[in-house]
Number of protein chains: 2
Amino acid sequence: MEVISRTACFGGTLQRVRHRSAACNCDMVFSIYLPPQAASHPVPVLYWLSGLTCTDENFMQKAGAQRSAARLGMAIVCPDTSPRGTDLPGEHDSYDFGSGAGFYVNATQAPWSGHYRMYDYVTRELPALVEQNFPVSSGKGISGHSMGGHGALVCYLRNPGVYQSVSAFSPICHPSACAWGQKALSAYLGEDRNDWVAYDAALLIGDAQEKLPLLIDQGTEDNFLTDQLKPSTLEQACIANHYPLNLRMQEGYDHSYFFIATFIEDHLHQHAQGMGLV
Amino acid sequence: MEVISRTACFGGTLQRVRHRSAACNCDMVFSIYLPPQAASHPVPVLYWLSGLTCTDENFMQKAGAQRSAARLGMAIVCPDTSPRGTDLPGEHDSYDFGSGAGFYVNATQAPWSGHYRMYDYVTRELPALVEQNFPVSSGKGISGHSMGGHGALVCYLRNPGVYQSVSAFSPICHPSACAWGQKALSAYLGEDRNDWVAYDAALLIGDAQEKLPLLIDQGTEDNFLTDQLKPSTLEQACIANHYPLNLRMQEGYDHSYFFIATFIEDHLHQHAQGMGLV
């Protein structure tokens, strides 16, 4: 584990860390924000999963979440969005597949299965590493944006008891039924759609064993709303399963970090409630 | 004037605007954030001048200032940091001179004098354009970072009565006496150091005709503190002239936008006081 940068921010510390990942079989970089409270006692961690083309840096630079995290006493960890430096055939050819687009799955298909194991990375390897090496508690929340919103929902739904809070911005709600999801899931998991269910929130939520309140913000002017994100599919599944979803359609907002920045304080507050901080 | 993007943000609207600049004799792009209050009445404007290598976008994406601006009822305008698209000899050869590094001067030396007139642009042309085309009042404040902190101090000190508030982050306080300033001022203004005085805050502040309270934040771990920024030179000039300077040395902070984001709320509050908003 190597700290590659360290920056003061809102009374706490933002670090970027490089380490060898066993899950992804390559070096990975993540960002971690430790609030001022971490100097005196272990703090819970919000895991933030970013969207297509992002790295560990976008959310930390653009969402302004450190401000609320510093007040609430919450750490934030941002993993990268895919393995890096593996240079598989076609890995860098499109923005919505391969590098920057790991979709938080464990790939089963060659050549991806050797590295693209982001599900294990974000649910197991990364939290273990963070809990061993930083002053954090075992308290965990998870959130994300777009592809990362999909990732957050899937990680939460498949791991009851692990997270104390969950939310998402503009998530890909039903990847089996949109172009982004079909392209990624077929290549990473193969053509058998039964294998996609484990990575599809709209299909998983009907069997949710735990029902933490789910906050989702979605902009009405988001260019990807109708064709890719499809929050109504998740909403209908929640209604059918009596799942407590708070889906807020935010009038006039798009898919950008300006949208995330506007509403991140609400999300952190809900996570803080789940974590017992407020 | 052409609006090239429009994004909802904290209940207001962020726009990027392209227009023909007479001062710079080229097309220029600026960003403007209008808070929700601008829908019902004209709001004052904070002009933010960015540092080396920046465009109109960095501050809007990374500082998180829209949050406070939306609460206070203040517009923010971010100009670019130099003329663009002029392709003068050597213009793009270094990060600290030419494109991205206009230093907010009116150049007098060939070939720069035909375009590099950022002082006129930010103090005259841009405010007139903004006041004609957007729902803003004539109330103005000015702030900036690094090269832009220098620009903010110079624009304020040379235009008594024009601005109601002034502040800076990590400004280049005495450009005549640092490498960044000497390189830029000698090329834009010529070798006669008497011509540099009009663009050197530490030299101008002794003759300040107006003494608005000046808030400056400076990180103690800023790599440029000792060699380029030299806040002690400005502090000494303020003491000699009984100028009300609040220079806050912020322990452990560096030169980054994470530093700006941490303290921008304090600055906007002071600007709001000057503008009569609080």
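In case you missed it, the structure is sitting above this.
These figures come from a predicted structure and were not determined experimentally.

Draft legend 1. Spotlight on the pairing of strand β4 (residues 43-49) of chain B. Residue and element names in this part refer to chain B. Where burial is concerned, most of β4 is hidden: 7 out of the 7 residues are buried. Pairing analysis gives 6 bridges linking β4 to strand β6 (residues 136-144), with the strands arranged parallel. Bridged to V45 within β6 is K140.

Draft legend 2. Representation of the packing of helix α2 (residues 65-72) of chain A against helix α9 (residues 257-275) of chain A within the structure. Residues and elements named next belong to chain A. Axis separation between α2 and α9 bottoms out at 9 Å; the angle between their running directions is 30°. Here α2 lies roughly parallel to α9, going by the angle between them. The element α2 and its partner α9 pack so that their crossing is right-handed. The residues of α9 that touch α2, namely those facing A65, R67, S68, A69 and L72, are I264, E265, L268, H269 and A272. Along the lines of polarity and charge, the residues of the contact of α2 with α9 split into 6 nonpolar, 2 polar and 2 charged.

Draft legend 3. Representation of the relation of the copies chain B and chain A in the model. Mapping chain B onto chain A calls for a rotation angle of 180° and an axial translation of 0.0 Å; the resulting RMSD is 0.0 Å. Such values leave the two copies arranged in the relation of a two-fold axis. Taking the C-alpha atom as reference, chain B places B:K62 closest to the rotation axis, 2.5 Å from it. The residues that chain B uses at the interface reappear at the interface of chain A in 100% of cases, marking a shared surface.

Draft legend 4. Quick peek at helix α5 (residues 179-189) of chain B. Residues and elements named next belong to chain B. Of the positions making up α5, those classed as buried are W180, G181, A184, L185, S186, Y188 and L189. The inward-facing, buried residues of α5 contact α7 (225-229). Looking one or two residues beyond α5, the residue adopting positive phi is G190, at roughly 95°.

Draft legend 5. Representation of the environment of B:S143 within the structure. Residue and element names in this part refer to chain B. By the secondary structure assignment, S143 is in strand β6. Along the chain, S143 and S165 lie 22 residues apart, while their C-alpha atoms are 8.5 Å from each other. Not counting the four nearest positions on each side in its chain, S143 is found in contact with L46, Y47, W48, L49, G148, A152, S167, A168, H267 and H271. One polar contact links S143 to S167, side chain to side chain, over a distance of 2.8 Å.

Draft legend 6. Structural context of the environment of B:S232. Mapping B:S232 onto the fold places it in helix α8 (residues 231-240). Along the chain, B:S232 and B:Q37 lie 195 residues apart, while their C-alpha atoms are 39 Å from each other.

Draft legend 7. Structural view of the interface of chain B and chain A. With 20 residues of chain B at the contact, the number on the chain A side is 20 residues. At the boundary of chain B with chain A, total buried surface from both sides reaches about 1700 Å², with 58% on carbon and sulfur atoms. Joining chain B to chain A, the criterion identifies 4 salt bridges. The partner of A:R67 in a salt bridge is B:E265, and the shortest N-O contact between them spans 3.3 Å. Of all elements in the fold, only β1 (2-9), α1 (58-62), α2 (65-72) and α9 (257-274) of chain B reach the threshold of two or more residues within the side of chain B that touches chain A. Examining the composition of the side of chain B that touches chain A, we find that 4 residues originate from one element, α9(B), more than from any other. The class makeup of the residues in the side of chain B that touches chain A is 8 nonpolar, 7 polar and 5 charged.

Draft legend 8. Geometry of α8(B). Residues and elements named next belong to chain B. What α8 keeps buried is the set P231, L234, A237 and C238. Along α8, the residues classed as buried sweep out an arc of 125° about the axis, all on the same side. Facing away from the buried side of α8 by more than 90 degrees, the exposed set consists of Q236, I239 and A240. Those residues of α8 hidden inside the fold are in contact with α4 (147-157), α6 (201-204), β8 (214-219), α7 and β9 (245-250). Looking one or two residues past α8, H242 carries a phi angle of roughly 50°, positive in sign.

Draft legend 9. Fine view of the sheet that holds strand β3 (residues 26-34) of chain B. Residues and elements named next belong to chain B. The 9 strands are arranged β1-β2-β3-β5-β4-β6-β7-β8-β9 in an open sheet whose pairing can be described as mixed. Taken across any chain shown, the strands that pair with only one partner, and hence form the sheet edges, are β1 and β9. Each strand of the sheet is rotated relative to its neighbour by a mean of 20°, with strand direction disregarded. Across 9 bridges, the pairing between strand β2 (residues 12-21) and β3 is antiparallel. Bridge pairing links R20 to D27 in β3.

About the cut-offs
Residues take numbers from 1 onward in each chain, read along the sequence in its written order. Each chain is given a letter, starting from A, and each ligand a number, starting from 1, according to the order in which they appear as written. Per-residue local features of the predicted model are confined to residues with pLDDT of at least 70, and side-chain atom pairs are confined, for both listing and counting, to 80 or more; whole-chain, interface and lining totals are unaffected and use all residues. Side-chain metrics rest on all non-hydrogen atoms present in the structure, leaving aside hydrogens and water. Only protein chains enter the area calculation, which uses a 1.4 Å probe; residues under 20% of their type maximum are buried, those over 50% are exposed, and those in between are partly exposed. Strands here are runs of E lasting at least two residues and helices are runs of H or I lasting at least four, both read from the DSSP assignment and numbered beginning at the N terminus. What makes two strands pair is DSSP finding at least two bridges between them. With axes taken as lines fitted to C-alpha atoms, and helix axes fitted only over the stretch in contact, angles between N-to-C directions fall between 0 and 180 degrees. An angle below 35 degrees is read as roughly parallel, one above 145 as roughly antiparallel, one from 65 to 115 as roughly perpendicular, and any other as oblique. Handedness of each helix crossing follows the sense of rotation of the near helix against the far helix: counterclockwise by less than a right angle gives left-handed, clockwise gives right-handed. Throughout, a residue-residue contact means that at least one pair of heavy atoms, one from each residue, lies within 4.5 Å. Residue polarity is assigned by list, with Asp, Glu, Lys and Arg as charged and Ala, Val, Leu, Ile, Met, Phe, Trp, Tyr, Cys and Pro as nonpolar; anything else, Gly included, falls into the polar class. Copies are brought into register by a least-squares superposition over C-alpha atoms of residues with pLDDT of at least 70 in both. Each polar contact in these results corresponds to two N or O atoms within 3.5 Å; when the atoms are within protein, one needs to be able to donate a hydrogen and the other to accept it, and residues that are neighboring in sequence are counted only if both atoms are side-chain atoms. By buried area we mean how much accessible surface two parts lose on assembly, using a 1.4 Å probe and totalling the loss over both. Criterion for a salt bridge: a side-chain nitrogen of Lys or Arg within 4 Å of a carboxyl oxygen of Asp or Glu. Throughout, the arc means the angular range of directions from the helix axis out to the C-beta atoms.

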